[in-house]
Amino acid sequence: MDASVLVDRWQGVLADMAEAARKAGRPPEEIRLLAVSKFHSAEAIGALYAAGQRLFGENYVQEALAKMDALPRDVEWHFIGHLQTNKVRFVAGTCALLHGLDSLKLAQALQKKTEELGVVQDVLVQVNLARESQKSGILEQDLPALAGFLVDSRTVRWRGLMLIPPVFDEPEKARPYFAALRSLRDALERRYGLELPELSMGMTGDFIAAIQEGATLVRVGTRIFGARA
Ligand SMILES: *Cc1c(COP(=O)(O)O)cnc(C)c1O
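Read on for a plain summary of the structure.

### Remarks on the packing of helix H5 (residues 104–117) against helix H6 (residues 143–152)
Item 1. Orientation of H5 relative to H6, taken along the N-to-C sense of each, is 15 degrees, at an axis distance of 9 Å. Overall, the two elements H5 and H6 adopt an arrangement that is roughly parallel. As for how H5 packs across H6, the hand of that crossing is left-handed. Here Leu104, Ala107, Gln108 and Gln111 of H5 come into contact with H6, specifically with Ala145, Leu146, Phe149 and Leu150.
Item 2. In terms of residue class, the contact of H5 with H6 is made up of 6 nonpolar, 2 polar and no charged.

### Re the nonpolar core
Item 1. Ranked by size, the top nonpolar core spans 64 residues in total, and within it Leu48, Leu101, Val125, Leu150, Leu161, Val218 and Ile224 carry the most contacts.
Item 2. Sorting elements by how many residues they give to this core places helix H1 (residues 3–23) first, with 7 residues.
Item 3. Once residues within four sequence positions are removed from consideration, Val218 is found in contact with Met17, Ile31, Arg32, Leu33, Leu34, Met201, Gly202, Phe207 and Ile211.

Cut-offs applied
- Residues numbered from 1 in each chain as written.
- Predicted model: local features only at pLDDT ≥ 70, side-chain atom pairs only at ≥ 80, totals over all residues.
- Heavy atoms only, no water.
- Axes fitted to C-alpha atoms, helices over the stretch in contact; angles between N-to-C directions.
- Helix = DSSP H or I, 4+ residues; strand = E, 2+ residues; numbered from the N terminus.
- Parallel < 35°, antiparallel > 145°, perpendicular 65-115°, else oblique.
- Left-handed = near helix turned anticlockwise from the far one by under 90°.
- Contact = heavy atoms within 4.5 Å.
- Nonpolar A, V, L, I, M, F, W, Y, C, P; charged D, E, K, R; others polar.
- Core = buried A, V, L, I, M, F, W, Y, C linked by side-chain atoms within 4.5 Å.
- Buried < 20%, exposed > 50% of the residue type's maximum accessible area, 1.4 Å probe, protein only.

Here's what the structure looks like:
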């Protein structure tokens, strides 16, 4: 794809984000754009990098590693896919933020690896608020055990929550889930006496509603890069 088309779309997303922030009475710099680049080429990422985008989200370990090699060192990579415990060693310390922490088992594997490497890994806990059986994300009933572990961990640093709401035909239907994620975050902060500043929610179809409900990271792929093969 023509780099100027990509850059135009990217600027359109940034403009819509700023407008949504303004309408919600939030400072625009409080909300960051994660460009979700899975299935798209290193060249396409490079075109956005040249325009100034620094945060890119990838879902698959091998694909992410190949792109890390191909792009400048100051790209901030976020891993947003479902991470298997046996792949933890590829992600720990190479990704700025892991969005999909969804089990105690994965947290324990991360702790082991980060201790070995002497690194700190920032994470978001992905919550399955709608209790969809086929989706990743931890159920609210299983949160206390994971939260207790994270509060004590010195190498796995808990930064907030992440949500993929059920698929709806209109963004307004996702809004209650965004609001619920923010309330859950507020409750966890009070209960554990810590700060969980990040709320990763909102994608191509619903990032405006997510920003109005408190998102700090929106994950946008299709609207920037086009449809995935
Ligand atoms: C692919 C993906 C996105 C991007 O979705 P779009 O609808 O293409 O913007 C966002 N978040 C996650 C977790 C994804 O896997």
